[in-house]
Amino acid sequence: MKILNAKELAEVDAFTMNSQSLSDWELMERASSRAFLEILKKINPEKDFVYIFCGTSNNGGDGLALARMLNQKQVKIRVFEVAYSSSTSKAYQKNIKFLKENRIQINTVQNQNEIPDLNPATCIIDAIFGVGLNRRMPGFIQELVKKINLTEAFKISIDVPSGMYLEQSIETDEEFVISDLCLTFQLPKLPFLLPETGHYVENFKLIDIGLSEEKIKQTKTPYNYITTSDVSSILKKRAKFSHKGSFGNALLIGGYEGMWGSVIMTTQACLRSGAGKVYTHLDKTGRLVLAQHALESIYIQNCPKALKSNPNWNAIGVGMGLGLSNNAVQLMEEVLAHQPKRLLLDADAINLLSKQKNWLKLLPKNSVLTPHIGELKRLVGEWDNDFDKLNKAKQFCKTYQVVLIIKGAHTCICDGTNFYFNSSGNPGLAKAGSGDVLAGVITALLAQNYKVLEACQLGVYLHGVAADLALESFSEHSLIATDVISYLGKAFQLLESKID
Ligand SMILES: NC(=O)C1=CN([C@@H]2O[C@H](COP(=O)(O)OP(=O)(O)OC[C@H]3O[C@@H](n4cnc5c(N)ncnc54)[C@H](O)[C@@H]3O)[C@@H](O)[C@H]2O)[C@@H](O)CC1
Ligand SMILES: Nc1ncnc2c1ncn2[C@@H]1O[C@H](COP(=O)(O)OP(=O)(O)O)[C@@H](O)[C@H]1O
Ligand SMILES: [K+]
């Protein structure tokens, strides 16, 4: 699924209206009536008192249409026109006319003194600014938003929380609506997926308004959102006459300094993700634990020898619990000298790279690095804001011709040109060990010869889906990394059921 900016969205809107012979009012009506159905699920039409704040552009037009629909349902409402401009669109004027015909009072707020008492409201609909916000909101709207945020009312933002920009960060002294629910039209918006702003839009729902799929497909954007339909087309069927050699040899290297568990979980996840043969090198003190927990894997005692004697590892995953000792440094040197076809670097492998930046240019092309935010900072340096972080990540990928998987909520994959944000997963994953599992899933897919970027998208998505499915039996509090491994089978089943 694509993530578009305001200009691209406006082009898609225009194309849709043209190709479906719709007026802007009709498209607005479609959008509002679908949002209305979602709002009805959240309010009590008999009891709630809904305040609707409408700007003077199309987002405000949606708000006016919602006011009419709520009024028709006999919901108690108050409508406020937040008049930041005197020029309004035709669709907007038509909605104003309908409200007037229905004798619905429209209150105007155009300065701080006109901000109403919000105490009576049990629900607030925020339709002040949508995707079109491109500069700081006027002072009186900042004050209004501050007040909205202070109320106990259930807050619903239409399309985008007012005050949030699609392509730039918000200054610390700027306000934006912190809503309980954001009903966003058709496609996700970039700030919802970035931690600084996404933290305040935890609950967004995509409302399909039938925008032209053809035009969306044609629109070029670096930003993408990984959904089931994107990855189910990547997953390959296992051929009837295949054998273990058809699915690659994966070598996993880590598990030192008492951190055996780390690489053993990677091994388990790799085994559960389709690799033909999984070999594991860890500190020899951990070999019996490996044997107990991953009977199907093959223990490699002498890693340098294994690297030298086999030039054909289909994929190598290194770093999970590797430590930073001299031994770890030597192992990394061996791996880099080996120049594997497919290489994934996690955890301490990334930390070692950050300490020894001259190694970066030795990385085989298309190596995959899976840093969490702390590890990313060590690699690319500090950033000013999330947009700056994306730029730095992109530059890093370009310079070293690698793929970065920036882990966290809505994990972001960057290949130096495009960004892919994950849609699956939950905060139950925010525990040590989850990343080791992800490394195992992706190494298995790399060993099976999936294209690097596809292995990353598929792996990240499956890992999140496994964690989501595991919530059937566990809670976000109780979920642990091995539970995620035990649900990988169900996650694969879900995608396999979608293969034609
Ligand atoms: N036909 C369409 O295009 C549809 C639009 N829809 C709604 O329309 C919204 C987009 O409409 P608009 O493009 O009118 O955008 P907005 O409703 O977000 O308003 C932006 C307008 O305000 C101006 N503006 C931006 N920042 C300002 C500031 N700080 N102070 C004062 N004025 C400022 C802009 O120049 C622009 O005219 C969507 O978010 C969605 O809610 C939906 O109804 C779906 C259909
Ligand atoms: N709040 C969250 N929501 C969704 N996924 C998360 C969240 N926090 C962490 N994760 C996922 O959990 C994993 C954590 O990886 P990492 O921090 O490297 O753990 P470790 O190395 O200790 O195993 C990553 O895949 C990350 O995307
Ligand atoms: K809004």
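You'll find the protein entered in an unreviewed UniProt entry as Bifunctional NAD(P)H-hydrate repair enzyme, with Psychroflexus maritimus given as the organism. For the protein, the Subunit (unreviewed entry) comment in UniProt is given as "Homotetramer."

Undergrad: Any chance you could explain the overall build of the protein here in plain terms?
TA: Looking only at helices and strands, one finds 19 helices and 17 strands in the protein. The C-alpha atoms of the protein give 26 Å as radius of gyration, which agrees with the globular expectation for 500 residues (23 Å, within 12%). Taken across its 500 residues, the protein has 57% of its residues classed as buried. Counting only contacts in the protein whose residues sit at least 6 apart along the sequence, the fraction spanning at least 24 positions is 74%. Counting every atom, the protein has about 22000 Å² of accessible surface; 48% of that belongs to carbon and sulfur. Put simply, the protein has 54 plus and 51 minus side-chain charges, and the middle of one group is 6 Å from the middle of the other.

Undergrad: What exactly am I supposed to notice about unusual backbone geometry here?
TA: With the exception of glycine, the majority of residues adopt a negative phi angle, and the majority of peptide bonds are in the trans configuration. Of note in the backbone geometry, Ala 347 takes a positive phi value of approximately 45° without being a glycine. Tracing the sequence through the fold places Ala 347 in helix H13 (residues 347-355). One non-glycine residue, Asn 449, adopts positive backbone phi at about 75°. One can find Asn 449 in the loop between helix H16 (434-447) and helix H17 (452-469).

Undergrad: Can you help me understand the site of ligand 2 in this one?
TA: Around ligand 2, 16 residues are found, and the nearest of them are Lys 407, Gly 408, Thr 411, Gly 433 and Gly 435. With respect to ligand 2, the backbone of Gly 435 contributes an N or O atom lying 2.7 Å from an oxygen atom. Here ligand 2, which alone exposes 570 Å², has 80% of that area covered by the protein. Looking at the shell around ligand 2, the element that brings in the most residues is H16, giving 4 residues.

Undergrad: Would you mind showing me how to read the nonpolar core here?
TA: Across soluble globular proteins, nonpolar side chains show a tendency to be buried alongside one another. Phe 53, Leu 70, Leu 345 and Phe 421 are the most contacted members of the largest nonpolar core, which has 120 residues in total. Looking at this core, you find at least three residues from each of domain 1 (6-220) and domain 2 (231-496). If we skip the residues at most four places from it in the chain, Leu 70 touches Phe 36, Ile 39, Ile 43, Val 50, Ile 52, Val 75, Ile 77 and Ile 125. Ranked by size, the runner-up nonpolar core spans 56 residues in total, among them Ile 226, Ile 264, Ala 447 and Ala 470.

Undergrad: How should the packing of helix H2 (residues 24-42) against helix H4 (residues 90-101) be read in this particular structure?
TA: Between two packed helices, what matters for the description is the angle formed by their axes and the separation of those axes. Orientation of H2 relative to H4, taken along the N-to-C sense of each, is 65°, at an axis distance of 8 Å. Taken as a pair, H2 and H4 cross one another with a handedness that is right-handed. Contact residues: Asp 24, Trp 25, Met 28 and Glu 29 in H2; Ala 91, Lys 94, Asn 95 and Phe 98 in H4. Split by residue class, the contact of H2 with H4 holds 4 nonpolar, 1 polar and 3 charged.

Undergrad: Please explain the packing of aromatic side chains as it appears in this structure.
TA: Each aromatic ring pair is described using two quantities: the centre-to-centre distance and the angle formed by the ring planes. Enumeration over the complete set of coordinates arrives at 10 aromatic pairs. Seen in terms of ring centroids, Phe 53 and Phe 80 are 4.8 Å apart; in terms of plane orientation they differ by 15°. Their pairing is stacked. You can see Phe 53 sitting in strand E1 (residues 49-54) and its partner Phe 80 sitting in strand E2 (residues 76-82), a full 27 residues away along the chain. The two residues Phe 53 and Phe 80 agree in class, both being buried. Arranged with centres 5.5 Å apart and planes meeting at 15°, the rings of Tyr 223 and Phe 419 form a pair that is stacked. Linking Tyr 223 in strand E8 (residues 223-226) with Phe 419 in strand E17 (residues 419-422), this pair joins segments that are 196 residues apart in sequence. Across this residue pair, the class does not change: Tyr 223 and Phe 419 are buried.

Undergrad: How should helix H12 (residues 326-338) be read in this particular structure?
TA: Working note: α-helix, 3.6 residues per turn, so residues spaced by three or four point in the same direction. Between its first and last C-alpha atoms H12 spans 18 Å; for 13 residues at 1.5 Å apiece the expected length is 18 Å, and the two agree. Looking at H12, one finds that the buried residues are Ala 328, Val 329, Leu 331, Met 332, Val 335, Leu 336 and His 338. Those residues of H12 hidden inside the fold are in contact with strand E9 (249-253), strand E10 (277-281), helix H11 (303-309), strand E12 (315-318), strand E13 (343-345) and H13.

Undergrad: Whenever I open this one, helix H3 (residues 58-72) confuses me. Can you help?
TA: For H3, spanning 15 residues, the distance from its first C-alpha to its last is 21 Å, which sits close to the expected 21 Å at 1.5 Å a residue. For H3, the tally of buried residues reaches 12 of 15 residues, placing the bulk of the element in the interior. Asn 59, Gly 60, Gly 61, Asp 62, Gly 63, Leu 64, Ala 65, Leu 66, Ala 67, Arg 68, Met 69 and Leu 70 are the residues of H3 that are buried. With its phi angle positive at about 65°, Gln 74 sits one or two positions after the end of H3.

Undergrad: Please clarify how the UniProt feature "domain: YjeF N-terminal" (unreviewed entry) in the protein should be interpreted in this entry.
TA: Mapped onto this numbering, the UniProt entry annotates "domain: YjeF N-terminal" (unreviewed entry) at residues 9-217. Structurally, residues 9-217 comprises 37% helix and 17% strand, and the distance from its first C-alpha atom to its last is 12 Å.

Undergrad: Help me understand the coordination of the potassium ion (ligand 3) in this model?
TA: Perfect tetrahedral coordination of a metal by four donors corresponds to 109.5 degrees between them, and perfect octahedral coordination by six donors corresponds to 90 or 180 degrees. For the potassium ion (ligand 3), the full set of protein donor atoms is Asn 59 (OD1), Asp 126 (O), Phe 129 (O), Ile 158 (O), Val 160 (O) and Ser 162 (OG), and the range of their distances to it is 2.6 to 3.1 Å. For the potassium ion (ligand 3), the single-chain donor residues occur in sequence as N-x66-D-x2-F-x28-I-x1-V-x1-S. Of the two residues, Asn 59 is situated in helix H3 and Ile 158 in strand E5 (residues 154-158); the sequence distance between them amounts to 99 residues. Ile 158 shares its class with Asn 59; the two are buried.

Scoring rules and cut-offs
- In this convention, every chain numbers its residues from 1, walking through the sequence in written order.
- All chains are assigned letters beginning with A, and all ligands numbers beginning with 1, in the order in which they are written.
- Only residues with pLDDT of at least 70 get local features here, since the model is predicted, and only at 80 or more are side-chain atom pairs given and counted; chain-wide, interface and lining totals rely on the full set of residues.
- Side-chain numbers come from the whole structure's heavy atoms, not from hydrogens or water.
- UniProt positions are given in the numbering used here, feature names are shortened, and annotations may be inferred rather than shown by experiment.
- We count a stretch as a helix when DSSP gives it H or I for four or more residues in a row; a strand needs E for two or more, and each element gets its number in order from the N terminus.
- The atom set for the radius of gyration is the C-alpha atoms, and the globule formula is 2.2 Å times the number of residues raised to the power 0.38.
- Only protein chains enter the calculation, and the probe is 1.4 Å; a residue is then buried if its accessible area is under 20% of its type maximum, exposed if over 50%, and partly exposed in between.
- Contacts: residue pairs with any heavy atoms within 4.5 Å of one another.
- For every accessible area listed, the method is Shrake-Rupley and the probe measures 1.4 Å; residues are considered covered only by the protein chains on display.
- Positive charge is attributed to Lys and Arg, negative charge to Asp and Glu, and no charge count is given to His or to the chain ends.
- Think of each charge as sitting on NZ of Lys, CZ of Arg, CG of Asp or CD of Glu.
- Throughout, near means a residue has at least one heavy atom within 4 Å of the molecule or strand.
- The definition of a polar contact used here is a pair of N or O atoms within 3.5 Å, where within protein one atom must be able to donate a hydrogen and the other to accept one, and adjacent residues in sequence count solely through side-chain atom pairs.
- Residues enter a nonpolar core if they are buried and are Ala, Val, Leu, Ile, Met, Phe, Trp, Tyr or Cys, with the set joined through side-chain atoms within 4.5 Å.
- Domain delimitation follows an automatic or database domain assignment.
- Here an axis means a line fitted to C-alpha atoms, over the contact stretch when the element is a helix, while the angle between two N-to-C directions is reported on a 0 to 180 degree scale.
- The sense of a crossing depends on the near helix, which, turned anticlockwise from the far helix by less than a right angle, makes the crossing left-handed and, turned clockwise, makes it right-handed.
- Three classes are used, and their members are as follows: Ala, Val, Leu, Ile, Met, Phe, Trp, Tyr, Cys and Pro are nonpolar, Asp, Glu, Lys and Arg are charged, and the others, Gly among them, are polar.
- Pairing of aromatic side chains here covers Phe, Tyr and the six-membered ring of Trp, requires ring centres within 6.5 Å, and sorts the geometry by plane angle: under 30 degrees stacked, over 60 edge-to-face, intermediate tilted.
- Helices are assigned an expected span. That span is 1.5 Å times one less than the residue count.
- Each metal site lists N, O and S donors within 2.8 Å (3.2 Å for Na, K and Ca). With water left out of the atoms, a site can look as if it is missing ligands.

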